[in-house]
2 protein chains.
Amino acid sequence: MKKVNIGILGCTGVVGRQMMQVLEEYRIPVDRFVPLASANSAGSKVVFNGKEYTVQEAKETSFEGLDYVLGAVGNGMAKLFAPHIVKAGAVFIDNSSSFRMDPEVPLVVPEINGEDAFKNKGIISNPNCSTIITMVAVGAINAISPITEMFASTYQAVSGAGKAGLEELENQMADMAAGRALERNVFPHQIAMNVIPCIGSETDNGYTTEEMKMQNEGRKILHNPGLKVSCTCVRVPVMRSHSISVTFRTKEKVSVEQAEKAVSVAPGCVLTTDFQGRNYPTPLDTSGQDLVWVGRIREDLTSDRGLTLWCCGDQVRKGAASNAVQILKLLAERA
Amino acid sequence: MKKVNIGILGCTGVVGRQMMQVLEEYRIPVDRFVPLASANSAGSKVVFNGKEYTVQEAKETSFEGLDYVLGAVGNGMAKLFAPHIVKAGAVFIDNSSSFRMDPEVPLVVPEINGEDAFKNKGIISNPNCSTIITMVAVGAINAISPITEMFASTYQAVSGAGKAGLEELENQMADMAAGRALERNVFPHQIAMNVIPCIGSETDNGYTTEEMKMQNEGRKILHNPGLKVSCTCVRVPVMRSHSISVTFRTKEKVSVEQAEKAVSVAPGCVLTTDFQGRNYPTPLDTSGQDLVWVGRIREDLTSDRGLTLWCCGDQVRKGAASNAVQILKLLAERA
């Protein structure tokens, strides 16, 4: 791989910092490195590949000479800077939801639809975290026979709400242990010792924006426009890994054995049939690494062409930062 | 209601103690009260209706003269004492799973199939906790048109594992806050900051005993032998209330409006369409009371005859103790 010039837009958040770490771990050969953030974080220091950098305020002119810009900012900043990144000739690999459903923008999980990345016109979207993890788990089964319907209930970690989300759970747990009153700023209700069945904002059909991503982004990633999904997204008091309980039906019957075989050889997946004597992962097992762990594959008892499974993956890594770096790597290796 | 003579078998556990409290709250007029437990707990004291009692060791002869025995013990003790309770002429309202699928034994959620209780031959079973909560939530909709298929993912509190389960979560949280190593005795993995997708033991089809109860007990409670359920039971770090994410299909279409109306008037249910500005309960909201709270009723996006909803209920109360006392009350009021 040739040396590349990389910018990270939003380098001081949980995902931005994780992107730096993953770039190092994957030994991506970086020539110029430009850490960018909003005015608030500009001036702070970050260390990348052993060298200290001063974070710069992102401006329209920040992207000249860069090959790739990894985006770890919200929709507002992503939309604001995308045209300038493209104009500068860099590829914007964006973790926000701004461009995901744009037909001109590939939405990529490298293990599933990596080739789509090469059709980019300057922007590639990184999918929603729960969607990435679920799609890695079911992608190889969908390749045997297309998934027609899916029922998903998520168990989403607080890292999905960034640094502030992680701190809120830690603080609430410490306050609880000390018998102090709990503070709440990030989540709409206490998250320690609780679960909250509402992530994102409600849409017209009663599902939230987060829940609709599983269907809408899932269709685009799997190239399966007929996919229908009823999803319920739930925040749980877990730090980093998301879990998803999924039942789905395929056009033709796929047996448990076929599904297990497909998952066991699928890139990015681990089939947990016998991990420490059990057949399932927990979120704690899967934190701090990039693979999606899939267990408890069994027949859907309501249908002769359905399966039920449980999967977990690190939300900050495969659900966000690592997936983006994997897209970058895919492009850079062929550049 | 005439005064009744009541024994509690297993009066020192979480459910047994809750039964005493619910008997008091419901002002069940009790004449003789006999607190029973295994030899380990015999001799300890309990207070009921302001009077202190010494817990007696349960023996074959403990049940003479009692009208009702509430069972809050495991399958072994339940099976051991059931014949003696029946022989003594008392009705055994049993919270264990021993007799639930026995065709001679009614399995009762009073709001749904209370009349079944009167067909008892001395034993009535209290259903599984998640099943009770889910059936209260969907019972009124099933009455409009029978549920054909159900997809359920549970978020089950640690109280389901009794006093030891509650203590394990509290201790792990305190140890975590203090930076101490965590101890684990009850759950197969750390439960603080984690979720565990395995409750009960695995059966031949890959589902656990706990998961199969939703289908098998659900059929019996709803008088719906055709009900098919794919369930995933997951332990979450929550103290007392279980939550269930459910999608289900009915024989004929039931609209969201019809379902909301049915739930809003169903006994034992609260429809949460606007509770503190939101349309869903969390487990914390529903702890310490007997109603099942149902929210987020919306169309199943995979079918034109399906619905998705979220429900929560106190596992120790409606999921166990209160349901048993409600059965007792039903019988005693007509005796």
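As the structure is a computational prediction, the values presented were derived from the model and not from experiment. (Residues numbered from 1 in each chain as written. Chains lettered and ligands numbered in written order. Predicted model: local features only at pLDDT ≥ 70, side-chain atom pairs only at ≥ 80, totals over all residues.)

Draft legend 1. Just the overall build of chain A, in detail. Scanning chain A from terminus to terminus reveals 9 helices and 14 strands. For 335 residues, the compact-globule formula gives about 20 Å, and the C-alpha radius of gyration of chain A, at 20 Å, lands near that figure. For chain A, the C-alpha atoms occupy an extent of roughly 55 × 55 × 45 Å along the three principal directions. The proportion of buried residues among the 335 residues of chain A is 57%. A separation threshold of at least 6 residues defines the contact pool for chain A, and within that pool the share at least 24 residues apart is 67%. (Helix = DSSP H or I, 4+ residues; strand = E, 2+ residues; numbered from the N terminus. Rg over C-alpha atoms; globule rule 2.2 N^0.38 Å. Buried ≥ 20, exposed ≤ 12 C-beta atoms within 10 Å, placed from the backbone. Contact = placed C-beta atoms within 7 Å.)

Draft legend 2. Region of interest: the domain arrangement of chain A. Residues and elements named next belong to chain A. Splitting chain A by domain gives domain 1 (4–127 + 320–334) and domain 2 (131–315). Put simply, the middle of domain 1 and the middle of domain 2, counted by C-alpha atoms, are 25 Å apart. Each partner contributes to the interface: domain 1 provides 13 residues, whereas domain 2 provides 20 residues. Mapped by element, the contributors of at least two residues to the side of domain 1 that touches domain 2 are helix 3 (110–113) and helix 9 (317–334). Class assignment of the residues belonging to the side of domain 1 that touches domain 2 gives a composition of 7 nonpolar, 4 polar and 2 charged. (Domains from an automatic or database assignment. Nonpolar A, V, L, I, M, F, W, Y, C, P; charged D, E, K, R; others polar.)

Draft legend 3. View of the nonpolar core. Within the largest apolar cluster, 219 residues are counted, with the highest numbers of intra-cluster contacts made by Met19(A), Leu70(A), Val294(A), Met19(B), Leu70(B) and Val294(B). Those residues in contact with Leu70(B), other than ones at most four positions away along the chain, are Ile6(B), Ile8(B), Leu9(B), Met19(B), Ile93(B), Ala324(B) and Leu328(B). (Core = buried A, V, L, I, M, F, W, Y, C linked by C-beta atoms within 7 Å.)

Draft legend 4. A look at the interface of chain B and chain A. Contact with chain B, which involves 44 residues of that partner, is made by 45 residues of chain A. A breakdown of the residues in the side of chain B that touches chain A according to their chemical character gives 23 nonpolar, 15 polar and 6 charged.

Draft legend 5. Here's a closer look at the confidence of the model for chain A. Per-residue confidence for chain A averages 97 on the pLDDT scale, and 100% of its residues sit at or above 70. Predicted as a complex, the structure gets a pTM of 0.97 and an ipTM equal to 0.97. (pLDDT = per-residue confidence, 0-100.)

Draft legend 6. How the structure looks around the relation of the copies chain B and chain A. For the pair chain B and chain A, the relating rotation is 180 degrees, the translation along its axis is 0.0 Å, and the fit reaches an RMSD of 0.0 Å. Taken together, the rotation and translation describe the operation of a two-fold axis. (Least-squares fit on C-alpha atoms with pLDDT ≥ 70 in both.)

Draft legend 7. Region of the structure containing helix 7 (residues 256–265) of chain A. Residues and elements named next belong to chain A. The set of residues buried in helix 7 consists of Ala 259, Ala 262 and Val 263. Within helix 7, the buried residues cover an arc of 95 degrees as seen down the axis, which keeps them to one side. Facing away from the buried side of helix 7, by more than 90 degrees, are the exposed residues Glu 257 and Val 265. (Arc of directions from axis to C-beta.)

Draft legend 8. Fine view of unusual backbone geometry. Positive phi outside glycine occurs at Asn49(A), with the angle close to 50 degrees. Tracing the backbone through its elements, the reader meets Asn49(A) in the loop between strand 3 (45–48) and strand 4 (51–54). Positive phi values are uncommon outside glycine, yet His223(B) reaches one of about 55 degrees. Its place among the elements puts His223(B) in the loop between helix 6 (209–222) and strand 10 (228–232). Residue classification places His223(B) among the partly exposed positions, given that 13 C-beta atoms sit within 10 Å.

Draft legend 9. Quick look at the pairing of strand 10 (residues 228–232) of chain A. Residues and elements named next belong to chain A. Extensive coverage of strand 10 is indicated by the burial of 4 of its 5 residues. Across 5 bridges, the pairing between strand 9 (residues 147–155) and strand 10 is parallel. Bridge pairing in strand 10 places Met 150 opposite Val 229. (Pairing = 2+ DSSP bridges.)

Draft legend 10. Quick look at helix 1 (residues 14–25) of chain A. All names here are of chain A. Between its terminal C-alpha atoms helix 1 stretches 16 Å, which fits the 16 Å expected from 12 residues at 1.5 Å a residue. Among the residues making up helix 1, those that are buried are Val 14, Val 15, Gly 16, Arg 17, Gln 18, Met 19, Met 20, Val 22 and Leu 23. Looking at the buried side of helix 1, the elements it contacts are strand 1 (4–9), strand 2 (30–37), strand 3, strand 6 (68–71), helix 5 (162–177) and helix 9. Phi turns positive one or two residues past the end of helix 1, at Arg 27, with a value near 50 degrees. (Expected span 1.5 Å × (residues − 1).)

Draft legend 11. Expanded view of the sheet that holds strand 14 (residues 306–314) of chain B. Residue and element names in this part refer to chain B. The 6 strands are arranged 10-9-11-14-13-12 in an open sheet whose pairing can be described as mixed. Of all strands in the sheet, those bounded by a partner on one side alone are strand 10 and strand 12 (269–272). Between one strand and the next, the sheet's axes are offset by a mean angle of 25 degrees, whatever the strand orientation. Relative to strand 14, strand 13 (residues 292–299) runs antiparallel, the two sharing 5 bridges. Residue Arg 298 lies in a different strand from strand 14, and its bridge partner there is Thr 308. (Axes fitted to C-alpha atoms, helices over the stretch in contact; angles between N-to-C directions.)

Draft legend 12. Expanded view of the sheet that holds strand 9 of chain A. Residue and element names in this part refer to chain A. Taking strand neighbours across the sheet as the criterion, the 6 strands line up as 10-9-11-14-13-12 in an open arrangement whose pairing is mixed. The open sheet is flanked by strand 10 and strand 12 (269–272), the only strands paired with a single partner. Sheet twist, expressed as the average angle between the axes of neighbouring strands with direction ignored, equals 25 degrees. As paired elements, strand 11 (residues 241–250) and strand 14 (residues 306–314) share 9 bridges and run antiparallel to each other. Within the sheet, the bridge partner assigned to Ile 244 lies in strand 14 and is Cys 311. In the packing of helix 6 (residues 209–222) onto the sheet, contacts are made with strand 9 and strand 10, and the angle to strand 10 comes to roughly 155 degrees. In the packing of helix 7 onto the sheet, contacts are made with strand 12, strand 13 (292–299) and strand 14, and the angle to strand 13 comes to roughly 170 degrees.

Draft legend 13. Summary view of the packing of helix 4 (residues 129–144) of chain A against helix 9 of chain A. Residues and elements named next belong to chain A. Running from amino to carboxyl end, helix 4 crosses helix 9 at an angle of 85 degrees, the nearest separation of the two axes being 8 Å. Accordingly, the angle class assigned to the pair helix 4 and helix 9 is roughly perpendicular. Residues Cys 129, Ile 132 and Ile 133 of helix 4 touch helix 9, and the partners they reach there are Lys 318, Gly 319, Ala 320 and Asn 323. Considered class by class, the residues forming the contact of helix 4 with helix 9 number 4 nonpolar, 2 polar and 1 charged. (Parallel < 35°, antiparallel > 145°, perpendicular 65-115°, else oblique.)

Draft legend 14. Inspection of the packing of helix 4 (residues 129–144) of chain B against helix 7 (residues 256–265) of chain B at higher detail. Residues and elements named next belong to chain B. Contact geometry for helix 4 and helix 7: axes closest at 8 Å, N-to-C directions at 120 degrees. Between helix 4 and helix 7, the interaxial angle falls into the category oblique. Our pair here, helix 4 against helix 7, has a crossing hand that is right-handed. Of the residues in helix 7, those touching helix 4 at Ala 140, Ile 141 and Ile 144 are Gln 258, Ala 259, Ala 262 and Val 263. (Left-handed = near helix turned anticlockwise from the far one by under 90°.)

Draft legend 15. Summary view of the environment of His189(B). Position of His189(B) relative to the elements: it lies in the loop between helix 5 (162–177) and helix 6. Once residues lying within four places of it in the same chain are set aside, the contact partners of His189(B) are Thr282(A), Asn194(B) and Ile196(B).

Draft legend 16. Representation of the pairing of strand 4 (residues 51–54) of chain B within the structure. Residues and elements named next belong to chain B. Two elements, strand 3 (residues 45–48) and strand 4, share 4 bridges in a ladder whose sense is antiparallel. Its bridge partner lying in strand 4, Val 47 is registered against Glu 52. Counting the residues between successive antiparallel strands, the hairpin from strand 3 to strand 4 contains 2 residues, one of them, Asn 49, with a positive phi of roughly 50 degrees.

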